[in-house]
Amino acid sequence: MKAVKAVKAIVIDDAPDIRIYVRALLEKWGYETEDASEGLEGISRIRESDIRIVVCDWVMPGMSGPDLCRAVREADLGHYVYVILLTGRSDKADLLEGLNAGADDFLSKPFDSQVLHARLRVAERLLSLEQ
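Let me begin by describing the structure that accompanies this report. (Residues numbered from 1 in each chain as written. Predicted model: local features only at pLDDT ≥ 70, side-chain atom pairs only at ≥ 80, totals over all residues. Heavy atoms only, no water.)

Quick look at helix α5 (residues 113–130) now. The terminal C-alpha atoms of α5 lie 26 Å apart, and with 18 residues this matches the ideal 26 Å at 1.5 Å per residue to within 8%. Buried residues of α5: L116, L120, A123 and L127, and no others. The arc enclosing the buried residues of α5, seen along the axis, measures out at 55°, which places them on a common side. For α5, the exposed residues lying more than 90 degrees away from the buried face are Q114, R125 and L129. On its buried side, α5 packs onto α1 (16–28), β3 (53–57), β4 (82–87) and β5 (105–108). Here α5 starts with a cap whose side-chain oxygen sits 2.7 Å from the backbone nitrogen of Q114, and that cap is D112. (Helix = DSSP H or I, 4+ residues; strand = E, 2+ residues; numbered from the N terminus. Expected span 1.5 Å × (residues − 1). Buried < 20%, exposed > 50% of the residue type's maximum accessible area, 1.4 Å probe, protein only. Arc of directions from axis to C-beta. Contact = heavy atoms within 4.5 Å. Polar contact = N/O pair within 3.5 Å; in protein donor to acceptor, adjacent residues only side chain to side chain.)

Now the structure itself:
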């Protein structure tokens, strides 16, 4: 039986506790993970690696989550990258701004880990269509 290659994901958040927690969840669910403490570092890693899923905070120094979404969509990566914005924002206007910037999904903090897991499975289904 052929082993399934783990999907590569990155957690981008300026809060170390959130990065550690989300990364631990992703690893428990079988993802190969990286992390970054801010958007510029995150977009650099996305360009250098085969990262397919991004879980990103909205408010960070240097580059916001929506700015990172735009940068991902403008980059010529050769594959699709699914972006989930994880944020304390919950207004309809924020949701629209995030989605219009290129986010695929939006999850308000505090978040339920089961909901994040379900949304990651949606991401995997979408990414498998590309393959």
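Having put the structure on the table, let's press on.
Overall, the coordinates contain 2 aromatic pairs when judged by the stated rule. Geometrically, the ring pair formed by Y21 and F111 is tilted, given 6.0 Å between the ring centres and 40° between the ring planes. Here F111 lies in the loop between β5 and α5 and Y21 lies in helix α1, a separation of 90 residues in the sequence. On the basis of relative accessible area, Y21 is assigned to the partly exposed category, the value being 41%. Note on F111: relative accessible area 15%, which makes it buried. (Phe/Tyr/Trp six-rings, centres within 6.5 Å; stacked < 30°, edge-to-face > 60°.)

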